[in-house]
Each structure stands twice: as C-alpha cells, then as structure tokens.
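Coordinate analysis (summary)
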Amino acid sequence: MIIYAFRSELKSIMSYTDMQNICLSSARNNRKWNVTGYMVECGGVFLQALEGPEDAVTSIFRRVVNDPRHHHVDLLLSNDGVARRQFGAWAMNLMFLDDPLLWRRVVGSLSPYDDFLHRSQDPIFSLGLLSLAYQFACSATSVDAAATGLERGRVPRLQHMLRS
Ligand SMILES: Cc1cc2nc3c(=O)[nH]c(=O)nc-3n(C[C@H](O)[C@H](O)[C@H](O)COP(=O)(O)O)c2cc1C
C-alpha cells in the first residue's frame, strides 16, 4: 500500500455544500478502489491523505491534480510499502477547520490558524494535522479509528463532516 499527503488551494470561494459534495463523490469513487483517506479545509487550503493500492492512489491523484476547481496541488509526502492504514474508517471524509473553536478543540493550540497557510506546506505538520483531525472526527462520531482493512472505508454521512 501507499500513502500520499497533498495540499491544494481552491481557485475561488466555494460553499460548504459544494465541498461536502466533492467529498461524497470522492468517497464513493475511492471506495470502489479500496482507497481510504481524510481531508481538512481551512481558508481555502485543502490538505488530503489518500492511502490504498498504489495503482489506485496514483490514478486518483492524477485526476485530482487535473481538477480545475483547485490549483497548486503539491504532493507533500509519498510513502510506499505501508502495512497499515492510518485513515481506514472512511473512503474520504472532510473537516472544516475554519472555525477557531473547532481548531482549538482538534489541535489544542490557543493561537488559531494564523500561520496555517505557511505551515501546511510542511509534510510533518500536515500529516500530523490530518491525523489529529481524523482521530478527533472518529471519536466525535463514535466511529472506530482503527478500522483497518476488514472492510472498505465508509462513505461519510453529513454529520461526519465536522464544521464546528
Ligand atoms: C480538493 C479535492 C479533493 C478531491 N479528492 C478526490 C478523491 O479523493 N477521490 C476522487 O475520486 N476524486 C476526488 N476529487 C474529485 C476529482 O478531482 C474529480 O473531479 C473526480 O474524480 C471526477 O473525475 P473525472 O471527471 O475525471 O471522472 C477531489 C477534488 C478536489 C477539488
């Protein structure tokens, strides 16, 4: 298995509903390919993790790169030979970290996301943040965070895509 983490920026402002719809169609597609992952959005920046069979992850990533709704898609990290999924619960899910209160609950820092734009270019910061957000979402929605490989990742419900 391989894991990718990447960052991108929205080209123009998009509603929460539109982003949730992107997430839902992504999850439905990823599920077919046994790919799981997680995504956070903050100030028009997306961080996303995709993990699963190498062919599937690379071909999904190629499509994502060519999506005209965002740009500056930067692959921050690519690790192959991964034995366990880190984001196994959902085929894709999304957290909106624009809310300073949610940021504080997830990340624990008092100063909100002042430097998020800059720090999200750092692979260690970004994978760590995705991991925190994933663990938080699992516990907030009573989903088993360690669900790995027994069944395919789920398609999230609306209430799984945390906003505040
Ligand atoms: C931020 C962002 C993340 C996306 N993540 C995925 C994803 O994980 N899986 C997926 O199939 N499509 C994802 N998409 C959508 C794809 O870019 C693309 O629109 C979709 O796969 C349909 O591709 P097609 O029109 O070539 O069939 C994402 C789009 C954006 C803007």
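Residues numbered from 1 in each chain as written. Predicted model: local features only at pLDDT ≥ 70, side-chain atom pairs only at ≥ 80, totals over all residues. Heavy atoms only, no water.

Each helix and strand counted, the chain has 5 helices and 5 strands in total. Ordered by position from N to C terminus, the α and β elements of the chain give β-α-β-β-α-β-β-α-α-α. For 164 residues, the compact-globule estimate of 2.2 N^0.38 gives 15 Å, and the C-alpha radius of gyration of the chain, at 14 Å, lies within 12% of that figure. Overall size of the chain, expressed as C-alpha extent along the three principal axes, is 35 × 35 × 30 Å. Counting only residues that meet the buried cut, the chain has 49% of its 164 residues in that class. A sequence separation of at least 24 residues applies to 80% of the contacts in the chain between residues at least 6 apart. Of the accessible surface of the chain, which amounts to about 8,300 Å², a share of 51% is contributed by carbon and sulfur atoms. Positive and negative charge centroids in the chain, built from 17 and 16 side chains respectively, lie 8 Å apart. (Helix = DSSP H or I, 4+ residues; strand = E, 2+ residues; numbered from the N terminus. Rg over C-alpha atoms; globule rule 2.2 N^0.38 Å. Buried < 20%, exposed > 50% of the residue type's maximum accessible area, 1.4 Å probe, protein only. Contact = heavy atoms within 4.5 Å. Areas by Shrake-Rupley, 256 points an atom, 1.4 Å probe, with all protein chains shown as cover. Lys, Arg positive; Asp, Glu negative; His and termini not counted. Charge placed at Lys NZ, Arg CZ, Asp CG, Glu CD.)

Here we come to unusual backbone geometry. Phi angles above zero are rare outside glycine, and Asn34 is one such case at about 60°. Tracing the backbone shows Asn34 in the loop between α1 (16–32) and β2 (36–42). Taking the relative accessible area as the measure of exposure, Asn34 reaches 26% and is therefore partly exposed. Backbone geometry at Ser142 places phi at a positive 55°, although glycine is not the residue there. Among the structural elements, Ser142 can be located in the segment after α5 (123–140).

What follows is about the UniProt feature "domain: BLUF" (unreviewed entry) in the chain. Those residues carrying the UniProt feature "domain: BLUF" (unreviewed entry) are residues 1–93 in this numbering. The distance from the first to the last C-alpha atom of residues 1–93 is 19 Å, and the span holds 31% helix and 38% strand. (UniProt positions renumbered as here; feature names shortened; annotations may be inferred.)

So, on to the nonpolar core. What tends to happen in soluble globular proteins is that the nonpolar side chains get buried as a cluster. Core analysis: the biggest nonpolar cluster contains 30 residues, and Tyr38, Val40, Met95 and Leu97 have the highest contact counts within it. Elements supplying a minimum of two residues to this core: β1 (2–10), β2, β3 (45–52), β4 (70–80), α3 (100–107) and α5. Of the residues forming this core, the biggest block, 9 residues, is contributed by α5. Counting 25 residues, the second largest nonpolar core, distinct from the first, contains Ala27, Met39, Ala56 and Met161. (Core = buried A, V, L, I, M, F, W, Y, C linked by side-chain atoms within 4.5 Å.)

Bringing the site of the ligand into the picture now. In the vicinity of the ligand lie 15 residues, with Ser26, Asn29, Asn30, Arg63 and Asp67 positioned nearest. A distance of 2.8 Å separates a nitrogen atom of the ligand from a polar side-chain atom of Asn30. For the ligand, whose accessible area on its own is 620 Å², the fraction buried by protein is 74%. Placement of the ligand is best described as lying within the largest pocket. Going through the elements one at a time, α1, β3 and α2 (54–65) are the ones with two or more residues in the shell around the ligand. No other element matches the 4 residues that α1 contributes to the shell around the ligand. (Near = heavy atom within 4 Å. Polar contact = N/O pair within 3.5 Å; in protein donor to acceptor, adjacent residues only side chain to side chain. 1 Å grid on protein atoms, 1.4 Å probe; cavity = no way out; pocket = protein on both sides within 12 Å on 5 of 7 lines; lining within 4 Å. Sits in = over half its atoms within 2 Å of the grid points.)

So, about α1. Between its first and last C-alpha atoms α1 spans 25 Å; for 17 residues at 1.5 Å apiece the expected length is 24 Å, and the two agree. Along α1, the residues that are buried comprise Met19, Gln20, Ile22, Cys23, Leu24, Ser26, Ala27, Asn29 and Asn30. Contacts from the buried residues of α1 go to β1, β2, β3, α2 and β5 (94–96). Just past α1, the residue Asn34 takes up positive phi, approximately 60°. (Expected span 1.5 Å × (residues − 1).)

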